[in-house]
Amino acid sequence: MANVAQKYAQALFDVALKAEVLTQVYDELTEIHTAVRNEKNLLGTMDYEPKITANERRDMVAQVFQGVHPYLMNTLKVIATQRNFRLLPEIYRAFEESYYAFHGLADAYVESAASLSDEELEQVKRALLDRTGLKDLNLHSTVNPELIGGVRVKIGTKVYDGSIQNDLNQLVKQFSRVY
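The structure reproduced in this document is the subject of the present report. (Residues numbered from 1 in each chain as written. Predicted model: local features only at pLDDT ≥ 70, side-chain atom pairs only at ≥ 80, totals over all residues. Heavy atoms only, no water.)

As a further point, take unusual backbone geometry. Notably, Glu-20 is not glycine yet its phi reads approximately 60 degrees, a positive angle. The class for Glu-20 is exposed, based on a relative accessible area of 72%. Its identity as a non-glycine residue notwithstanding, Arg-83 has a phi of 60 degrees, on the positive side. Position of Arg-83 among the secondary structure elements: in the loop between helix H5 (70–81) and helix H6 (88–103). (Buried < 20%, exposed > 50% of the residue type's maximum accessible area, 1.4 Å probe, protein only. Helix = DSSP H or I, 4+ residues; strand = E, 2+ residues; numbered from the N terminus.)

What follows concerns the side chain of Ser-163. Positionally, Ser-163 belongs in the loop between strand S4 (158–161) and helix H8 (164–178). Among the residues examined, Ser-163 registers a relative accessible area of 0% and is labelled buried.

Quick look at the packing of helix H2 (residues 22–36) against H6 now. Here H2 crosses H6 at 145 degrees, and the two axes come no closer than 10 Å. Crossing hand, H2 versus H6: left-handed. When H2 is examined against H6, the residues Leu-22, Thr-23, Val-25, Tyr-26, Leu-29, Thr-30, Ile-32, His-33 and Val-36 are found in contact with a partner set consisting of Leu-88, Pro-89, Tyr-92, Phe-95, Glu-96, Tyr-99, Tyr-100, Phe-102 and His-103. (Axes fitted to C-alpha atoms, helices over the stretch in contact; angles between N-to-C directions. Left-handed = near helix turned anticlockwise from the far one by under 90°. Contact = heavy atoms within 4.5 Å.)

So, about the packing of aromatic side chains. Enumeration according to the criterion identifies eight aromatic pairs in this entry. When the centroid spacing of 4.0 Å and the interplanar angle of 5 degrees are considered together, the rings of Tyr-26 and Tyr-99 count as stacked. Here Tyr-26 is found in helix H2, whereas its partner Tyr-99 is found in helix H6, with 73 residues between them in sequence. Side by side, Tyr-26 and Tyr-99 carry an identical accessibility label, which is buried. Pairing Phe-65 with Phe-85 gives two aromatic rings, centres 6.2 Å apart and planes at 35 degrees, and the pair type is tilted. With Phe-65 in the loop between helix H4 (54–64) and H5 and Phe-85 in the loop between H5 and H6, the pair connects residues that are 20 residues apart, well separated along the chain. When its relative accessible area of 3% is taken as the criterion, Phe-85 is described as buried. Pairwise contacts between aromatic rings join Phe-13, Tyr-26, Tyr-92, Phe-95, Tyr-99, Tyr-100 and Phe-102 into one cluster. (Phe/Tyr/Trp six-rings, centres within 6.5 Å; stacked < 30°, edge-to-face > 60°.)

Take a look at the structure:
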């Protein structure tokens, strides 16, 4: 189903980009995602309810999402008509991934042994931007005392580990090779 969600997201992304309304569509889709992200079971129930006709699904979408950009509205109507409304969270993630890639953005998950100040987070962000070549990062900071010191950052599938725990693990590996 991820492939189907990717196709919906890519079609919406392409049309929004071409019409130069990409940010507006992204913002509205984000708002919709935030509102329904915990309702996947309800969305699935709507998909599988045989008594709701395709026209009723389209009308329901038009009423609930009134005021969104027409491209987004059309996409939502197609999704509902095809009984794929339960895929909305995956569609959002795929759209967001394309949006972030287009704008050189990424989410960075920063773990540190102690809470970092805003200034320290800004230093980490600048260092990561220099290293990755991205234009901007959305930092998500958490405290993980097991790191002992330093930071560990995950951006997509890449992990940058500058923690003392990682250094200790590397030393253990080196010593095990010697003995």
